[in-house]
Amino acid sequence: QGTLAESGGGSVQAGGSLRLSCAASGRTFNTMGWFRQAPGKEREFVAAISWNRDSILYADSVKGRFTISRDNAKNTGYLQMNSLKPEDTAVYYCAVRIGPPLQVDRAYNSWGQGTQVTVSS
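Residues numbered from 1 in each chain as written. Predicted model: local features only at pLDDT ≥ 70, side-chain atom pairs only at ≥ 80, totals over all residues. Heavy atoms only, no water.

**Side note on the pattern of salt bridges**
Inclusion rule: Should a side-chain nitrogen of Lys or Arg be within 4 Å of a carboxyl oxygen of Asp or Glu, the pair is scored as a salt bridge. Three exposure classes are used, based on accessible area relative to the maximum for each residue type with a 1.4 Å probe and protein chains only: buried under 20%, partly exposed in between, and exposed over 50%. Only DSSP runs of H or I covering at least 4 residues are called helices, and only runs of E covering at least 2 are called strands; the numbering of each starts at the N terminus.
On inspection of all chains with the given rule, the structure shows 5 salt bridges. Across the pair Arg-36 and Glu-44 runs a salt bridge whose closest N-O atoms are separated by 2.5 Å. Residue classification places Arg-36 among the buried residues on the basis of a relative accessible area of 5%. What makes Glu-44 partly exposed here is its relative accessible area of 36%. In this structure, Arg-43 and Asp-105 form a salt bridge, with 3.2 Å as the shortest nitrogen-oxygen distance. Note that Arg-43 is positioned in the loop between strand 4 (31-37) and strand 5 (44-49) and Asp-105 in the loop between strand 9 (90-97) and strand 10 (110-111), a separation of 62 residues in sequence.

**A few points about the nonpolar core**
Test applied: Take the buried Ala, Val, Leu, Ile, Met, Phe, Trp, Tyr and Cys residues and link them wherever side-chain atoms come within 4.5 Å; each set so joined is a nonpolar core. Contacts are assigned to residue pairs that have any heavy atoms within 4.5 Å of one another.
Counting 31 residues, the largest nonpolar core has Trp-34, Val-46, Phe-66, Leu-79, Met-81 and Tyr-92 as its most contacted members. With sequence-adjacent residues up to four places away left out, Met-81 is seen in contact with Gly-16, Ser-17, Leu-18, Leu-20, Arg-65, Phe-66, Tyr-92 and Val-117.

**Notes on the sheet that holds strand 3 (residues 18-25)**
Selection rule: We call two strands paired when DSSP finds no fewer than two bridges between them. In this analysis, axes come from line fits to C-alpha atoms, helices being fitted only over the stretch in contact, and the angle between any two N-to-C directions falls in the range 0 to 180 degrees.
Ordered in space as 1-3-8-7, the 4 strands form an open sheet in which the pairing is antiparallel. Two strands lie at the open edges of the sheet, namely strand 1 (3-7) and strand 7 (66-71), each paired on one side alone. Taken over all neighbouring pairs, the strand axes of this sheet differ in orientation by 15 degrees on average, direction set aside. Pairing geometry for strand 3 and strand 8 (residues 76-81), over 6 bridges, is antiparallel. When the sheet's bridge partners are listed, Ser-21 is paired in strand 8 with Tyr-78.

**Considering unusual backbone geometry**
Phi at Arg-53 takes a positive value of approximately 65 degrees, unusual for a residue other than glycine. With respect to the helices, strands and loops of the structure, Arg-53 is situated in the loop between strand 5 and strand 6 (56-58). Residue class for Arg-53 comes out partly exposed when judged on its relative accessible area of 41%. The phi dihedral of Ser-83 falls on the positive side, at around 50 degrees, and the residue is not glycine.

Pasting the structure below:
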């Protein structure tokens, strides 16, 4: 079945940066996506990237601040988060799917356990 394991979360002050990683093992996939869920809110799309990086999507709320990337040799994806804001506070999840990048979470069939990101003002 394979696993996804996120790492890199933590607590930072507003304006700071964090880099999340998602290591995938035991599975084949095309797209890796990142989603987040804040307390009391629905899970929302953050970013997604295709295998050959020719298709990259970002949520409007993170454009210009977050950068998604991947290292296929390591089967690992990354989410570089800069200029963090308190509203970025959430549990961040990576997810994968066989098809191209989409912003809909139900299109992804495998998920990591999540990593907490807390941004203080």
